[in-house]
Every structure is written in C-alpha cells, then in structure tokens.
Amino acid sequence: MEHVKCLIIGSGPAGYTAAIYASRANLHPVEYSGMQPGGQLTQTTEVENFPGYPQGVDGNQMMMDIREQAERFGADIRDGSITKVDFSSRPYKAWDENDNEIEADTVIIATGASAKYLGLDDERKYNGQGVSACATCDGFFYRKKTVAVVGGGDTACEDALYLSGLAKKVYLIVRKPFLRASQVMQERVKAAENIEILFEHNTLGLFGENGVEGAHLVKRKGEADEQLVDIQIDGFFLAIGHKPNTDIFKEWLDTDEVGYLKKIDGTPRTKLPGIFVAGDCADPVYRQAISAAGTGCQAAIEAERFLLEH
Ligand SMILES: Cc1cc2nc3c(=O)[nH]c(=O)nc-3n(C[C@H](O)[C@H](O)[C@H](O)COP(=O)(O)OP(=O)(O)OC[C@H]3O[C@@H](n4cnc5c(N)ncnc54)[C@H](O)[C@@H]3O)c2cc1C
C-alpha cells in the first residue's frame, strides 16, 4: 500500500491544473488519468477560448502542454482509473483498476462529466465535423450559418438562444409536443425570430459530404401521420444533458439529482475534510476548460492549506 499527500483523480484541465499547483507546493501529487487522458478537450480539434493561445490551439496539444507543465514540477501522472474509494476515515483510501491501494491525506476529484448523445452512428461519424455537444465552445464556428439544437430542457433553450445570436437560423428539435424548460426560457425561445421549434421530431441521422449538411428527421414517429423531414443544417448541437463521472463517490459525498458533486459555499470543499472537487464533475453551469482549470487551482490551494493545518 502506498501513502500519498495528495491524490488527484482525473486528468482534464481541472486535474492537470491541480497537479501543477500541488506539485509546485511540494505535495508530490499522484494523479490518475482515467479512461480519457487529457479529458474532454482531446475530442476537439480547435480550442479558441482558452487564454494564452491567440491563434487557438488543438485540444490534444493543449492538454499535452498542461500535462508537461505538471510533470516538470514532479507530478506523478499515471495511466488507469480509480475504481473504488473508501472515504469513511482519514487517511482516505482508493483503489486503482489493478487493485493497488493508495492512502491519501487529501483527495482532489476532477473526473469531469460526459455529454449525452442520442446514440446515432452519424454522431460519431461527424464528430468535430458539425456535431458538437458544447454550444458555448463551438457556436462561434457557425456564425451566419444554420444549426440545429436537440433537446427540450433549459440547457437546450439556453443553447438555442446563445446560437441564435451567432447563427442565421436555429432549429430546436424537440421530441415531445412541449418544452420542458422553465416558462421564462420557453418564452425567450419562442420570441426569438430566428429559432424554429420542431416539436414531436426525432433525429434519424445526419448527411453531408465533408461534414454535416443536413439531418434526417421523423415527425410524430409511430403515429398514423408519421412524416419524414429533412432539414439543411451546418451544425448539429446536442443539449440533452451531461452525466458527471461521480458514481464511485456517491456513497460518501453529496450530489445533486443529476450526480454533480456538491461543494460547500462555492469553495472546492466537500462535506469531508481534505476532499476537494474541481471542474465539470461539480459544475452543472459553466463546464468550460478555463473554469475547470480555475477550480483545479483552488482545490490544490485548499489541499495545501489543509495539510498545513493538519
Ligand atoms: C467536443 C468538446 C469540445 C469542447 N470545446 C471546448 C472549448 O473550445 N473551450 C472550452 O473551454 N471548453 C470546451 N469543452 C468543454 C471542456 O472540455 C470541459 O469543460 C473541460 O474539459 C472540463 O474539464 P475537467 O477537468 O473538469 O474534466 P474532463 O475534461 O471531463 O476530464 C475528466 C478526466 O477525469 C478522468 N476520469 C474520469 N473518471 C475517472 C476515474 N474513475 N479515475 C481516474 N480518472 C477518471 C477522465 O479520464 C478525464 O481525464 C469542450 C468539450 C467537448 C466535449
């Protein structure tokens, strides 16, 4: 069994940033990178909104740069996932997928959240070529173009409104005959001149030669008046929710109804002393690389202070 001062779980912008701060503070952090080393940004080609890259940067490259920065100060970044934790007493215990046990004085959880997809083959085929699960990240690439947003909740309405300020036209594809979003969001969407709501539509697939050029939809699926509909679009945005990667922590820490880990009073602290959260796994609102990195920094500073006090 190994004893560490600081265990970091996850290697997205939050985890790597925490590793930079923790290693510079001499905490000798051990970081597990999980099934997606580098996190969600490794799925994207162009990141244009992370400060410090005036010409934009490839997502993979950016994450390799941040990792290198953490390793320069001695962070021990390992392959593999943490599969089980026991937070019943300090030092806290964690096990990796090879059943190696680690005892940690502090733990920084930075396991991110995964966007939900419809499960269509075409989503994978056109990933990064017109399919996106992040309107804030990719909306800018669709200025004056036509896009579709899938979903009927608050996030979908927010994304549709955000995109309506950039795109020429936005279709909102809603499975049900009504929106689930709050009344105020519904009213805003309905009032936007360039948003067209397609109620009772399901997406069957996407088409296009070099990227998305349109979507095949079905209206009133399974009903007598079922109808196939094609729309011409340049971008297809999923807004049907995220799943925080927090299942293994739920026994020990509080989450909201979706599974996002709860923080105390906006700090990265949790109800357990010495356990901190950072990034998308505890952020149902912003879910951006820079906000994840910012909370990674906060979590590492909290871990350092906690170790000083104890
Ligand atoms: C396609 C796409 C494009 C995006 N573009 C932008 C953009 O342009 N700008 C922007 O600011 N944001 C963008 N985002 C959002 C941004 O990627 C996220 O907000 C950010 O990556 C969140 O960082 P994180 O560190 O919290 O988590 P993530 O990046 O999700 O990383 C989570 C990490 O935890 C690890 N992990 C999970 N479970 C375990 C476990 N049990 N044990 C060990 N490790 C584990 C994973 O392997 C991963 O390394 C984009 C997202 C996507 C999907």
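Counting from 1, residues in each chain are numbered in the order their sequence is written. Where totals are concerned, whole chains, interfaces and linings use all residues; where local detail is concerned, this predicted model gives features only for residues with pLDDT of at least 70, and gives and counts side-chain atom pairs only at 80 or more. Excluding hydrogens and water, the side-chain figures rest on all heavy atoms present in the structure.

## Brief notes about the state of the cysteines
Cysteine sulfur atoms that come within 2.5 Å of each other are treated as a disulfide pair. A full pass over the atoms with the stated rule returns one disulfide. Here Cys134 is linked by a disulfide to Cys137, with a sulfur-sulfur distance of 2.0 Å. Disulfide Cys134 to Cys137: torsion about the S-S bond roughly 60 degrees, handedness right-handed. Think of it in three bands: residues with accessible area under 20% of the maximum for their type are buried, residues over 50% are exposed, and the middle band is partly exposed, with areas taken using a 1.4 Å probe on protein chains only. In this structure Cys137 comes out as partly exposed when scored by relative accessible area, which is 31%.

## Concerning the pattern of salt bridges
The rule for a salt bridge is simple: a side-chain nitrogen of Lys or Arg has to be within 4 Å of a carboxyl oxygen of Asp or Glu. For the coordinates displayed, the defined rule picks out eleven salt bridges. Between Asp225 and Arg220 there is a salt bridge, with the nearest N and O atoms lying 2.9 Å from each other. The exposure class assigned to Asp225 is partly exposed, which follows from its relative accessible area of 45%. Taking the relative accessible area as the measure of exposure, Arg220 reaches 26% and is therefore partly exposed.

## Re the sheet that holds strand 9 (residues 146–150)
Here the rule is simple: two strands pair whenever DSSP picks up at least two bridges between them. Each helix is a run of DSSP H or I of at least 4 residues and each strand a run of E of at least 2, with the numbering of both proceeding from the N terminus. Across the sheet, which stays open at both edges, the five strands sit in the order 8-15-9-10-11 with parallel pairing between neighbours. Of all strands in the sheet, those with a lone pairing partner are strand 8 (131–132) and strand 11 (195–198), marking the two edges. Summarising the sheet, strand 10 (residues 169–173) and strand 11 pair through four bridges and their orientation is parallel. If you follow Val170 over to strand 11, its bridge partner there is Ile195.

## Some details on helix 2 (residues 59–72)
With 14 residues, helix 2 should cover 20 Å at 1.5 Å per step; its first-to-last C-alpha distance of 20 Å lies within 8% of that length. Within helix 2, the full set of buried residues consists of Gly59, Met62, Met63, Ile66, Arg67 and Ala70. Down the axis, helix 2 shows its buried residues gathered within 135 degrees of arc, on one side only. Helix 2 presents Glu68 and Arg72 as exposed residues on the side facing more than 90 degrees away from its buried surface. Residue count minus one, scaled by 1.5 Å, sets the expected span of a helix. This arc corresponds to the set of directions leading from the helix axis out to the C-beta atoms.

## Observations concerning the site of the ligand
Taken together, 31 residues lie near the ligand, and Ser33, Gln36, Gln40, Asn49 and Asp280 sit nearest. We call two N or O atoms a polar contact when they sit within 3.5 Å, provided that within protein one can donate a hydrogen and the other can accept it, with sequence-adjacent residues counted only if both atoms are side-chain atoms. For the ligand, an oxygen atom lies 3.2 Å from a polar atom in the backbone of Pro13. Interatomic distance of 2.8 Å between a backbone N/O atom of Ala289 and an oxygen atom of the ligand. Per-residue accessibility takes into account occlusion by the displayed protein chains alone, with areas from the Shrake-Rupley method and a 1.4 Å probe. Relative to its free-state accessible area of 1,000 Å², the ligand is covered by the protein chains to the extent of 96%. Just so you know the grouping, Ala, Val, Leu, Ile, Met, Phe, Trp, Tyr, Cys and Pro go in nonpolar, Asp, Glu, Lys and Arg go in charged, and all remaining residues, Gly too, go in polar. Here the shell around the ligand is built from residues that sort into 13 nonpolar, 16 polar and two charged. Being near a molecule or strand, for a residue, comes down to having at least one heavy atom within 4 Å of it.

## Looking at the packing of aromatic side chains
Pairing of aromatic side chains here covers Phe, Tyr and the six-membered ring of Trp, requires ring centres within 6.5 Å, and sorts the geometry by plane angle: under 30 degrees stacked, over 60 edge-to-face, intermediate tilted. For the structure shown, the criterion picks out five aromatic pairs. Here Tyr142 and Phe237 contribute two aromatic rings whose centre-to-centre distance is 5.4 Å and whose plane-to-plane angle is 80 degrees, an arrangement assigned as edge-to-face. Of this pair, Tyr142 sits in the loop between helix 4 (135–138) and strand 9 while Phe237 is found in strand 15 (residues 235–238), placing the two residues 95 residues apart along the sequence. The buried category is assigned to Tyr142, whose relative accessible area is 11%. The class for Phe237 is buried, based on a relative accessible area of 1%.

## As for unusual backbone geometry
With omega at -10 degrees, the peptide bond leading from Arg90 into Pro91 counts as cis. Secondary-structure assignment places Pro91 in the loop between strand 4 (82–86) and strand 5 (92–96). Of note, the phi angle at Lys144 is positive, near 65 degrees, even though the residue is not glycine. Within the secondary structure layout, Lys144 lies in the loop between helix 4 and strand 9. Judged by relative accessible area, Lys144 falls into the exposed class, the value being 70%. A positive phi angle is found at Arg220, which is not glycine, with a value near 50 degrees. Along the polypeptide, Arg220 turns up in the loop between strand 13 (214–219) and strand 14 (227–232).

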